[in-house]
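Here's the letter readout for the chains.
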Amino acid sequence: GLCWILATLARPDHAIFYAVGSGVVLGLWAKPTLLALHRTRSLAATWRAGLAPMLAYAAPFALWLAHLAWRMHVYGQWLPNTYFAKSANLTYYAQGWVYATEFHLGSHLWLVMPALALALPFAWPVAGPGRRFIGFAIPAILAYEWYVIRVGGDFMVGRFYVSLLPLIALLGEQLVHRLCARGRGFAWAGIGLAGLLASSAVGVRLLEPNQIRWHLADENSYYRIASWSPIVVDHDNYWIGRTLGELEAQGIEPVVATGAIGLVGYYSRLETIDRLGLTDAKVAHQPTPKRRSRPGHEKYASVAYLRSRGVHFVRGVGSPKWLGKYGTLRFGGIGRDWTILRYE
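Looking only at helices and strands, one finds 15 helices and nine strands in the protein chain. For the protein chain, long-range pairs separated by at least 24 residues make up 61% of all intrachain contacts whose partners lie at least 6 apart in sequence. Carbon together with sulfur atoms contributes 65% to the accessible area of the protein chain, which is approximately 19100 Å² in total.

Here is the structure:
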């Protein structure tokens, strides 16, 4: 219970795992607890029969409630800003199926998952931890798969599935163990299943480096590490952030606006307005366009809003006409054009 609550604090959608775990715990202990209460009317006997483990699982939920209260006090929202920026309240099945298909094909899980389903009837564990784990793993995997497809996945290839991979691997390991324990004939099936699991360790690339296709991109190919010490990222945004950081070091602090704010905002240390709304509540709460597109890239800050925030330099928006060609600039001479939105 504590592990799943900590996971939920890291990413709210991990609450799926806590909820499925709650069902397993109730399935294990609710009946013995009620029977003990009915037969003995003794709190001590009821505690030993199952009340203790149920309360132990439930107790960490108080951490989440405390965090929720703090979040509401600080931000005025029950959910993270990114929930609204990425329209997670809406269904986007068309893109979700694309996202899931790309990942399952590229990771070889399209081979692994059917093999696990076929092996399950022949490798069903005896009563004990193994059966409890399967009782958790199967509904958790199915529920999380449905969730990812429902919200449309993500624009980064495979990111939402990282949480699911250890669970699939553990399920596969258990089924391999059970098959091998049943005798020589089943052992060969277990070895074959182990081979399929191993194949998922090395996937195939369905997207070319720096390519955006099907509203997806392999971010690993965009932001390559050129040096670890000192850390250098081989991307325009890194160098633009460092160049803007030189302004900040000199006491010149313009307000900038861009998408992909991570490297730019981190290294510039300037006030940075996120045009996509991931860190801006005003933009995040804009209506979602009727014609859906790339997840997380559907809401944009308007020029009027950027002006109201006092933005000086903006990437991806034209400059005032009176500035003409002089309103266009490139920091460090690289990357896409920036423009002067407000001149001082």
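What follows is about the pattern of salt bridges. Under the definition given, this model contains ten salt bridges. With a closest N to O distance of 2.7 Å, Asp154 and Arg159 form a salt bridge. With relative accessibility at 1%, the residue Asp154 sits in the buried group. The class for Arg159 is partly exposed, based on a relative accessible area of 31%. We note a salt bridge from Glu344 to Arg342, for which the minimum N-O separation is 2.7 Å. Taking the relative accessible area as the measure of exposure, Arg342 reaches 32% and is therefore partly exposed. Salt bridges sharing partners connect three or more residues here, namely Lys86, Asp154 and Arg159.

What follows deals with the sheet that holds strand β8 (residues 328-329). Spatially, the five strands line up as an open sheet ordered β6-β5-β7-β9-β8, and their pairing is mixed. The sheet is open, and its two borders are formed by β6 (272-274) and β8, each paired with just one other strand. Across two bridges, the pairing between strand β5 (residues 256-258) and strand β7 (residues 313-315) is parallel. Across the sheet, the residue bridging to Val256 is Phe313, located in β7. Sitting on the sheet, helix α13 (residues 261-268) touches β5, β6, β7 and β9 (338-340), and the angle it makes with β6 is about 165 degrees.

Attention shifts here to unusual backbone geometry. In this model, Ser229 is joined to Pro230 through a cis peptide bond whose omega is 0 degrees. One non-glycine residue with positive phi stands out, namely Trp214, at about 60 degrees. Among the secondary structure elements, Trp214 is positioned in the loop between β1 (212-213) and β2 (216-217). Positive phi, close to 50 degrees, is recorded for Ala260, a residue that is not glycine. Within the secondary structure, Ala260 sits in the loop between β5 and α13.

Below, the discussion takes up the nonpolar core. If you look at the biggest cluster of nonpolar residues, it comprises 36 residues, and the most contacted ones within it are Tyr144, Leu164, Leu167, Leu175 and Leu193. Residue contacts for Leu193: discarding those within four places in its chain leaves Ala115, Leu116, Ala119, Gly172, Leu175, Val176 and Leu179. In this structure, Val255, Ala257, Tyr305 and Val311 belong to the second largest nonpolar core, which totals eleven residues.

Next up on the list: a nonpolar patch on the surface. Taken together, the side chains of Leu2, Leu6, Leu9 and Leu63 define a hydrophobic patch exposed on the protein surface, amounting to about 330 Å² of accessible area. Looking at which element gives the most residues to the nonpolar patch, the answer is helix α1 (residues 2-10), with three residues. By secondary structure assignment, the location of Leu6 is in helix α1.

This part covers the packing of aromatic side chains. Scanning all chains against the criterion turns up 19 aromatic pairs. Ring centres 5.3 Å apart and planes at 15 degrees place the aromatic pair Phe17 and Tyr144 in the stacked group. One end of the pair, Phe17, is in helix α2 (residues 15-40); the other, Tyr144, is in helix α8 (residues 129-151), with 127 residues separating them in the sequence. Each member of the pair, Phe17 together with Tyr144, is buried. A network of ring pairs unites the aromatic residues Trp4, Phe17, Phe136, Tyr144 and Tyr147 as a single cluster. If you follow Arg182 out to its NZ or CZ, it ends over the ring of Phe186, 4.0 Å from the centre. Over the face of the ring belonging to Tyr92 we find Arg292, whose NZ or CZ atom lies 4.2 Å from the ring centre.

Conventions adopted
- Residues numbered from 1 in each chain as written.
- Predicted model: local features only at pLDDT ≥ 70, side-chain atom pairs only at ≥ 80, totals over all residues.
- Heavy atoms only, no water.
- Helix = DSSP H or I, 4+ residues; strand = E, 2+ residues; numbered from the N terminus.
- Contact = heavy atoms within 4.5 Å.
- Areas by Shrake-Rupley, 256 points an atom, 1.4 Å probe, with all protein chains shown as cover.
- Salt bridge = Lys/Arg side-chain N within 4 Å of Asp/Glu carboxyl O.
- Buried < 20%, exposed > 50% of the residue type's maximum accessible area, 1.4 Å probe, protein only.
- Pairing = 2+ DSSP bridges.
- Axes fitted to C-alpha atoms, helices over the stretch in contact; angles between N-to-C directions.
- Core = buried A, V, L, I, M, F, W, Y, C linked by side-chain atoms within 4.5 Å.
- Patch = residues over 30% accessible without salt bridge, like charges linked within 9 Å, V, L, I, M, F, W, Y side chains within 5 Å.
- Phe/Tyr/Trp six-rings, centres within 6.5 Å; stacked < 30°, edge-to-face > 60°.
- Lys NZ or Arg CZ within 6 Å of the ring centre and 35° of its normal.

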